[in-house]
Amino acid sequence: MSQESQHAVQFDDLYRDLILDHYRRPRHKGALQDATIAAEGMNPSCGDEIRVEIQVQDGRLADIAFSGMGCSISQASASMMTDEALNGEPGGKPLSTIDELSGHVQEMLTHEDFDIDAVDVGDLEALSGVAKFPVRIKCALLAWKVLDMALAEVRGEKADADSDIPIRIASTEN
Ligand code: ZN
């Protein structure tokens, strides 16, 4: 766990417990039976890897799963992402809502002065402190960048390329 001590991020206890809980007991980790799109990416600066599979039905996110390895922040962010993406509406949230969530979380992760009370990002609020630690931002962003690329692929678009976080569309064969 040298990465953890090297770039220690001080979180409030409540937030730290939540992050560690998602890290130790990740939600929706694994593969989907019937994925529409899979994408995967890595954060070379920390060695984090994330693969995201989504199942899309009628413009809604019917299911999502992730797999990967890396630091607690990268894996907790992915776990919280799947939880929040599936939280609520029967049949799944509209992809536009997922896009909005991704935008809010990425704003939060990259802006220290982000107004967390203005949005509902669920447990992901626990990662708001990451914005103060530039070296860890990419750890938390990784899962969302991978999700963005998967959503762009569904729309037949190309996601914005970020050379710092290489991501690609992957085979859905497991
Ligand atoms: Zn990391």
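Details of the structure are given in the entry above.
The shown structure was predicted, so the numbers you read here are calculated from the model rather than taken from an experiment.

How each quantity is defined
- Residues numbered from 1 in each chain as written.
- Predicted model: local features only at pLDDT ≥ 70, side-chain atom pairs only at ≥ 80, totals over all residues.
- Heavy atoms only, no water.
- Donors = N, O, S within 2.8 Å, 3.2 Å for Na, K, Ca; no water.
- Buried < 20%, exposed > 50% of the residue type's maximum accessible area, 1.4 Å probe, protein only.
- Salt bridge = Lys/Arg side-chain N within 4 Å of Asp/Glu carboxyl O.
- Helix = DSSP H or I, 4+ residues; strand = E, 2+ residues; numbered from the N terminus.

Draft legend 1. Fine view of the coordination of the zinc ion. The coordination sphere of the zinc ion contains the protein donors Cys-46 (SG), Asp-48 (OD), Asp-48 (OD), Cys-71 (SG) and Cys-139 (SG), at a distance range of 2.2 to 2.7 Å. On the basis of relative accessible area, Cys-139 is assigned to the buried category, the value being 0%.

Draft legend 2. Focus on the pattern of salt bridges. Applying the stated criterion across every chain, the model contains 13 salt bridges. Salt-bridge contacts for Arg-51 lead to Glu-40; the nearest nitrogen and oxygen are separated by 3.2 Å. Separated by 11 residues along the polypeptide, Arg-51 in strand 2 (residues 48-57) and Glu-40 in strand 1 (residues 37-43) bring together distant segments of the chain. Taking relative accessible area as the criterion, Glu-40 reaches 21% and is therefore assigned partly exposed. Put simply, Lys-93 and Glu-84 hold a salt bridge, and the shortest N to O gap is 3.9 Å. Its relative accessible area of 11% is what places Lys-93 among the buried residues. One continuous salt-bridge network, built from bridges that share partners, spans Asp-21, Arg-25, Arg-27 and Asp-83.

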